[in-house]
Amino acid sequence: MKKIAIIGRPNVGKSSLFNRLVKKRDAITSDIAGTTRDVKRRSVMIMNKEALLLDTGGLDQGCELFDKIKEKSLEAAKKADIILYMVDGKSIPDENDKKLFYELQTLGKDVALVVNKIDNDKLKENLWDFYEFGCDAIFGISVAHNRSVVPLLEWVYDKIPDSDIVKEESEEDDVNLVDEDESAFEFEEHNEEEEDDGFFYTDEEEEEDFEDDSIFAQNDRIKEFDENDVNHIKISIIGRTNVGKSSLLNALLGEERSVVSSVAGTTIDPIDESIEYKGKQLTFVDTAGLRRRGKILGIEKFALMRTKEMLENSNMALVVLDASEPFLDLDEKIAGLVDSNRLACIIVLNKWDIASRDDYDKIIREVRDRFKFLAYAPIITLSAKSHKRVDKLHDMILEINDNYSQRIKTSELNEVLEKAMRKHHLPSMHGQIIKIYYATQYETRPPKIAIVMNKPRGLHFTYRRYLTNKLREAFNFSGTPVLFKAKKRGEK
């Protein structure tokens, strides 16, 4: 696909134009200079042609952070095929803008000068001042009011080859898809009937109606995933500020994709990037570093919201901890987001090259003690800065994805369950006998197991934990939560 880069100084409306073209509020926008820091990439349709749109940080300088943002933005411009250089139409032409624009023209790309914030006819007069740039392709627009954007899109459209036209699917293809879905549904129902033969109890006693409102009901909150998407693993990198999340993303990708600086909170907008590894597509998302609620200011509030959105759409999380510093209560709260979203997880102890290695056992014990709710998550020590042991993380991700996506046969599941019940019987509830008839796995990513019983409220959370431990002993569930859903016979 052709690459279209939106370039310009801070606060000229680059991210607003990006959102307009992708037709959703994807990039965070604000009046604060430096809101966009990393290059954000999204596939976009220009009429019926597909292209890759790049939103870049402002071309400014003066400190370590802004110098690196400028460097990343210019790199994106060099890799692009079409450059949209944006300026603020409410101000007079700036000499730095001219210098940067001429520099971009020397790259031999298709370059357009986009004068933004021409919000009314009176401001149109300002457009004449920008003809001194000597550019043939100049467009006066207002992204905020959606004025005169069409001529710009038509110019971009002409620069994209006809080979990138996306053809619409035919009606015949739609019919075939419907037929496949229906047959799959029938096959699924047939399997469910076969699995009903695995009862532990065969008595047909009448059952009372109980609602599943017990103490463990929160563990029944589940997320739905497309089972055909097993080869695509979406991995969020989370942690507090300055623990090395962006450095880890760069190390995993093998390139300097994300801006890294000593400034706390460098990453604002979540940045995602995909690689192919051993036949799987790994999409890593570098999320904004999280702070204590009282220290979250301005655009960081939006960053927190985006981080939570990314976690909701992820399969796995890398919880990054700074091994060279004491762990904080904030680390636990951040890790709690993984538990609440029922994600597969790896705990990454970063900066191991400067940590006290003599205290390895002590540090591991502290992690296990603090993050008991992530007891299933394996721990890896590495250094994102020096790339030491980062290569081992790729294979670990694939292994845990297999665990996260596995489906256990009903017969094997019930065999483990039956042995567990023989060893420790179910406790009664108010003198009533609690019976488990059978268990079956009904979903993956994460593994979700339905326990069919006479009184779902009678499955105490301690017995649920006991069954979980027995399943983990029998099957490889390392790195993944295991969810139970207690239900009555015939209940969906």
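Located above this text is the structure these notes cover.
Heads up: these notes are all about the structure in this document. Note that residues are indexed from 1 along each chain, following the sequence as it is written. Thresholds applied to this predicted model are a pLDDT of at least 70 for local features of residues and 80 or more for the giving and counting of side-chain atom pairs; totals over whole chains, interfaces and linings are not thresholded and use all residues. As a rule here, side-chain values come from all non-hydrogen atoms in the structure, and water together with hydrogens is ignored.

**Focus on the overall build of the protein chain**
Right, so step 1: For helices the rule is a DSSP run of H or I covering at least 4 residues; for strands it is a run of E covering at least 2, with both sets numbered from the N terminus onward. The secondary structure content of the protein chain amounts to 12 helices and 15 strands.
Right, so step 2: Out of the 492 residues in the protein chain, the part that is buried amounts to 51%.
Right, so step 3: If you take every contact in the protein chain between residues at least 6 apart in sequence, the share linking residues at least 24 apart comes to 72%.
Right, so step 4: All accessible areas in this document rest on Shrake-Rupley with a 1.4 Å probe, and a residue is counted as covered only by the protein chains that are shown. Carbon together with sulfur atoms contributes 47% to the accessible area of the protein chain, which is approximately 24900 Å² in total. Throughout this description, buried means an accessible area under 20% of the type-specific maximum (1.4 Å probe, protein chains only), exposed means over 50%, and partly exposed covers the range between. We call two residues contacting when some pair of their heavy atoms lies within 4.5 Å.

**A word on unusual backbone geometry**
Right, so step 1: For the bond running from Arg 445 to Pro 446, omega is 0°, close enough to zero to count as cis.
Right, so step 2: With respect to the helices and strands, the residue Pro 446 is situated in the loop between strand E13 (436-443) and strand E14 (448-453).
Right, so step 3: Phi at His 387 takes a positive value of approximately 65°, unusual for a residue other than glycine.
Right, so step 4: Of note in this structure, Arg 445 is not a glycine but carries a positive phi near 55°.
Right, so step 5: Mapped onto the fold, Arg 445 is located in the loop between E13 and E14.
Right, so step 6: The buried category is assigned to Arg 445, whose relative accessible area is 1%.

**Digging into a negative patch on the surface**
Right, so step 1: Patch rule: a residue counts if its relative accessible area is over 30% and it has no salt bridge; like charges are joined within 9 Å, and nonpolar side chains (Val, Leu, Ile, Met, Phe, Trp, Tyr) within 5 Å. Every case where a carboxyl oxygen of Asp or Glu lies within 4 Å of a side-chain nitrogen of Lys or Arg is listed as a salt bridge. Asp and Glu are treated as the negative residues and Lys and Arg as the positive ones, with His and the ends of the chain left uncounted. Here the site of a charge means NZ on Lys, CZ on Arg, CG on Asp, or CD on Glu. A cluster of like negative charges, contributed by Glu 71, Glu 75, Glu 255 and Glu 256, occupies part of the molecular surface.
Right, so step 2: Its place among the elements puts Glu 255 in the loop between helix H6 (245-253) and strand E8 (271-277).
Right, so step 3: Assessed through its relative accessible area of 36%, Glu 255 is described here as partly exposed.

**Let's talk about the side chain of Ser 405**
Right, so step 1: Here Ser 405 is to be found in helix H10 (residues 390-405).
Right, so step 2: Since its relative accessible area comes to 14%, Ser 405 is described here as buried.
Right, so step 3: For Ser 405, the side chain forms a polar contact with the main-chain oxygen of Asn 401, separated by 2.8 Å.
Right, so step 4: Leaving out residues up to four positions away in the same chain, Ser 405 has contacts with Val 230, Thr 444 and Arg 445. In the analysis that follows, any N or O atom pair within 3.5 Å is treated as a polar contact, provided that within protein one partner can donate a hydrogen and the other can accept it, and provided that, for residues neighboring in sequence, both atoms belong to side chains.

**So, the packing of H6 against H10**
Right, so step 1: Every axis corresponds to a line fitted to the C-alpha atoms, with the helix fit spanning only the stretch in contact, and the corresponding angles, defined between N-to-C directions, vary from 0 to 180 degrees. Following both chains from N to C, one finds H6 and H10 inclined at 80°, their axes separated by 9 Å at the closest point. For the element pair H6 / H10, the angle class is roughly perpendicular. Only Val 390, Leu 393 and His 394 of H10 make contact with H6, whose side of the interface consists of Leu 248, Ala 251 and Leu 252.
Right, so step 2: Residue polarity is assigned by list, with Asp, Glu, Lys and Arg as charged and Ala, Val, Leu, Ile, Met, Phe, Trp, Tyr, Cys and Pro as nonpolar; anything else, Gly included, falls into the polar class. In terms of residue class, the contact of H6 with H10 is built from five nonpolar, one polar and no charged. For classification purposes, an angle smaller than 35 degrees is called roughly parallel, one larger than 145 roughly antiparallel, one from 65 to 115 roughly perpendicular, and anything else oblique.

**Focus: the sheet that holds strand E11 (residues 344-350)**
Right, so step 1: If you trace the six strands from one edge of the open sheet to the other, you get E8-E9-E7-E10-E11-E12, paired in mixed fashion. Bordering the open sheet on either side are E8 and strand E12 (379-381), each of which pairs with just one other strand. Geometrically, the sheet is characterised by an average inter-axis angle of 25° between neighbouring strands, direction not taken into account.
Right, so step 2: DSSP bridges decide pairing: two strands pair if at least two such bridges lie between them. In this sheet, strand E10 (residues 316-322) lies alongside strand E7 (residues 232-238) in parallel orientation, the contact comprising four bridges. Bridge pairing in E10 links Ile 237 to Leu 318.
Right, so step 3: Against the sheet, helix H8 (residues 329-340) contacts E7, E10 and E11, and its axis sits at roughly 170° relative to E10.

**Quick word on the pairing of strand E1 (residues 2-8)**
Right, so step 1: With respect to burial, E1 is a largely interior element, five of its seven residues being buried.
Right, so step 2: Where E1 lies against strand E3 (residues 49-55), five bridges are found, and the strand directions are parallel. Directly across from Ile 4, in E3, lies its bridge partner Leu 53.
Right, so step 3: Sheet topology note: the E1/strand E4 (residues 82-88) ladder contains five bridges and is parallel. The residue bridging Gly 8 from the neighbouring strand is Met 86, located in E4.

**Focus on H6**
Right, so step 1: In terms of burial, H6 is largely enclosed, as eight of its nine residues are buried.
Right, so step 2: Inspection of H6 places Lys 245, Ser 246, Leu 248, Leu 249, Asn 250, Ala 251, Leu 252 and Leu 253 among the buried residues, and these make up the whole buried set.
Right, so step 3: Contacts made by the buried residues of H6 are with E7, E8, strand E9 (280-286), E10, E11 and H10.
Right, so step 4: Positive phi appears at Gly 254, one or two residues downstream of H6, with a value of about 75°.

**Details of the pairing of E9**
Right, so step 1: Most of E9 sits inside the fold, with six of its seven residues counted as buried.
Right, so step 2: The pairing of E7 with E9 spans six bridges and is classified as parallel. The residue of E9 that forms the bridge with Ser 236 is Val 285.
Right, so step 3: Bridge count for E8 against E9 is seven bridges, and the pairing is antiparallel. Residue pairing across strands places Glu 276 opposite Gln 281, the latter belonging to E9.
Right, so step 4: With antiparallel pairing between neighbouring strands as the criterion, E8 and E9 make up a hairpin whose turn holds two residues, including Lys 278 at a positive phi of roughly 50°.

**Overview of the sheet that holds E14**
Right, so step 1: Overall, mixed pairing links the three strands, which are arranged E13-E14-E15 in an open sheet. At either end of the open sheet lies a strand with only one pairing partner, and these are E13 and strand E15 (483-487). On average, adjacent strands in this sheet sit at an angle of 25° to one another, irrespective of strand direction.
Right, so step 2: The sheet contact formed by E14 and E15 spans five bridges and is parallel. Looking across to E15, one finds that Ile 449 is bridged to Phe 484.
Right, so step 3: Running at roughly 140° to E13, helix H11 (residues 410-423) makes contact with E13 and E14 of the sheet.

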